[in-house]
Amino acid sequence: MADLMPALEQHTASLLATAGSLRDLDHGSFCAGWTRAHVLAHLASNGRGIANLVAAVVDGEPRTMYASQEERDNDITVGATRPHEALLADLEVTSEDALAALRRLGPEHADTLAERTPGGRTFRAAAFPYMRLREVVYHHVDLDAGFTFVDVEAELLAMFLDREVTQLARNPEAPSVRILSDEGDSYDVGDDPTTTVTGSRAGLVLWLSRQMPVGVSGHPELPEPPRGA
């Protein structure tokens, strides 16, 4: 369960370095309707949520990732209005707390379930490191501050692409499409796809996760993947 921890530690440090260099937190992000401040506030909230999940699994505490969806959303909205220094300090503390919590997980915890919200979706503890890593990397890209999916190591990017295609295939609004990466990946979504989308892994992950057609092309035309794919 610790095999993703080195990557998470590296990407957390990279994220914090970028966040510390930002001067305009009101700048728009790649997350629709969110500024950079919203993205950083979300990452801080997510860090607290990850620590809650680990406490539920390891310590048996009656915790969920978030007390409710409304509280999670409000945490982000309020956090985004905090002074720059306070927001960055919160991000640093919660990022370190999340790392410390995840280091406590062992193989014996892998199949233990914890809830996102009371009575809501559940996650296996084995998925916690990946969940946090994905948040850190994707939202680092969302800051629109120079870090892109091109900067993500190949093995991790392949993992992200596989996950995005899996999510797309589960979406009833997904187009039937064959997805081919420049690196040799091939996926079919839907029955007998007649549309082909090609591009680099980095471009395909951006297109699937943020509906941004940068470095991808489609034949006969490029479809728009549904949001949340």
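Anything mentioned here points back to the structure above.
Residues numbered from 1 in each chain as written. Predicted model: local features only at pLDDT ≥ 70, side-chain atom pairs only at ≥ 80, totals over all residues. Heavy atoms only, no water.

**Q** Can you help me understand the overall build of the chain in this one?
**A** Across its full length, the chain holds seven helices and six strands. Its helices and strands taken in sequence order, the chain reads α-α-α-α-β-β-α-α-β-β-β-α-β from the N to the C terminus. In terms of overall dimensions, the chain is globule-like: its C-alpha atoms have a radius of gyration of 18 Å, near the 17 Å expected for 229 residues. When its C-alpha atoms are laid out on the principal axes, the chain stretches across 50 × 45 × 30 Å. For the chain, long-range pairs separated by at least 24 residues make up 60% of all intrachain contacts whose partners lie at least 6 apart in sequence. Summed over its atoms, the accessible surface of the chain is roughly 10800 Å², and 49% of this surface lies on carbon and sulfur atoms. (Helix = DSSP H or I, 4+ residues; strand = E, 2+ residues; numbered from the N terminus. Rg over C-alpha atoms; globule rule 2.2 N^0.38 Å. Contact = heavy atoms within 4.5 Å. Areas by Shrake-Rupley, 256 points an atom, 1.4 Å probe, with all protein chains shown as cover.)

**Q** Explain the sheet that holds strand β4 (residues 186-189) here, please?
**A** With mixed pairing, four strands are arranged side by side in an open sheet as β4-β3-β5-β6. The strands lining the two open edges of the sheet, one partner per strand, are β4 and β6 (216-219). Averaged over all neighbouring strand pairs, the angle between strand axes comes to 20°, with direction disregarded. In the sheet, strand β3 (residues 177-181) pairs with strand β5 (residues 195-199) via five bridges, with the strands oriented parallel. For V177, the partnering residue across the bridge sits in β5 and is T195. Of the strands in this sheet, β3, β5 and β6 touch helix α7 (residues 201-210), which is tilted by about 145° from β3. (Pairing = 2+ DSSP bridges. Axes fitted to C-alpha atoms, helices over the stretch in contact; angles between N-to-C directions.)

**Q** What exactly am I supposed to notice about helix α2 (residues 36-58) here?
**A** Given 3.6 residues per helical turn, the α-helix brings residues three or four places apart onto the same face. A rise of 1.5 Å per residue sets the reference length of α2, with its 23 residues, at 33 Å; its end C-alpha atoms lie 33 Å apart and thus fit the reference within 8%. Of all 23 residues in α2, 21 are buried; the element is thus mostly enclosed. The N-capping residue of α2, defined by a side-chain oxygen 3.2 Å from the backbone nitrogen of A37, is T35. (Expected span 1.5 Å × (residues − 1). Buried < 20%, exposed > 50% of the residue type's maximum accessible area, 1.4 Å probe, protein only. Polar contact = N/O pair within 3.5 Å; in protein donor to acceptor, adjacent residues only side chain to side chain.)

**Q** What is the right way to read the packing of helix α4 (residues 84-102) against helix α5 (residues 128-142) from this model?
**A** Two numbers describe a pair of packed helices, the interaxial angle and the distance between the axes. At a closest axis distance of 10 Å, the pairing of α4 and α5 adopts a crossing angle of 155°. Between α4 and α5, the angle falls in the class roughly antiparallel. Handedness of the crossing formed by α4 with α5: left-handed. On α5, the residues that touch S95, A98 and L102 of α4 are F128, P129 and R132. Here the contact of α4 with α5 is built from residues that sort into four nonpolar, one polar and one charged. (Parallel < 35°, antiparallel > 145°, perpendicular 65-115°, else oblique. Left-handed = near helix turned anticlockwise from the far one by under 90°. Nonpolar A, V, L, I, M, F, W, Y, C, P; charged D, E, K, R; others polar.)

**Q** Which parts of the structure should I look at to understand unusual backbone geometry?
**A** Where the residue is not glycine, phi is negative for most of them; where a peptide bond is considered, it is trans in most cases. For the bond running from H219 to P220, omega is 5°, close enough to zero to count as cis. Within the secondary structure, P220 sits in the segment after β6. The phi dihedral of D144 falls on the positive side, at around 55°, and the residue is not glycine. Phi at Q211 takes a positive value of approximately 55°, unusual for a residue other than glycine. Summarising the element assignment, Q211 is placed in the loop between α7 and β6.

**Q** Would you explain the packing of aromatic side chains in this entry?
**A** For any two aromatic rings, the description comes down to two numbers: the centre-to-centre distance and the angle of the planes. Counting across every chain of the model gives three aromatic pairs. Centroid distance Y138 to F149: 5.1 Å. Interplanar angle 80°. Geometry classified as edge-to-face. With Y138 in helix α5 and F149 in the loop between α5 and α6 (154-170), the pair connects residues that are eleven residues apart, well separated along the chain. Of the residues examined, Y138 reaches a relative accessible area of 1% and is grouped as buried. The exposure class of F149 is buried, given its relative accessible area of 4%. Relative to F160, the ring of Y138 has its centre 5.0 Å away and its plane inclined at 85°; by these criteria the two rings are edge-to-face. Within this pair, whereas Y138 is found in helix α5, its partner F160 is found in helix α6, the two being separated by 22 residues in sequence. By the burial criterion, Y138 is buried, and F160 matches it. An aromatic cluster is defined as three or more aromatic residues linked by ring pairs; in this entry it consists of Y130, Y138, F149 and F160. When the ring centre of Y138 is taken as reference, the NZ or CZ atom of R134 above it lies at 3.9 Å. (Phe/Tyr/Trp six-rings, centres within 6.5 Å; stacked < 30°, edge-to-face > 60°. Lys NZ or Arg CZ within 6 Å of the ring centre and 35° of its normal.)

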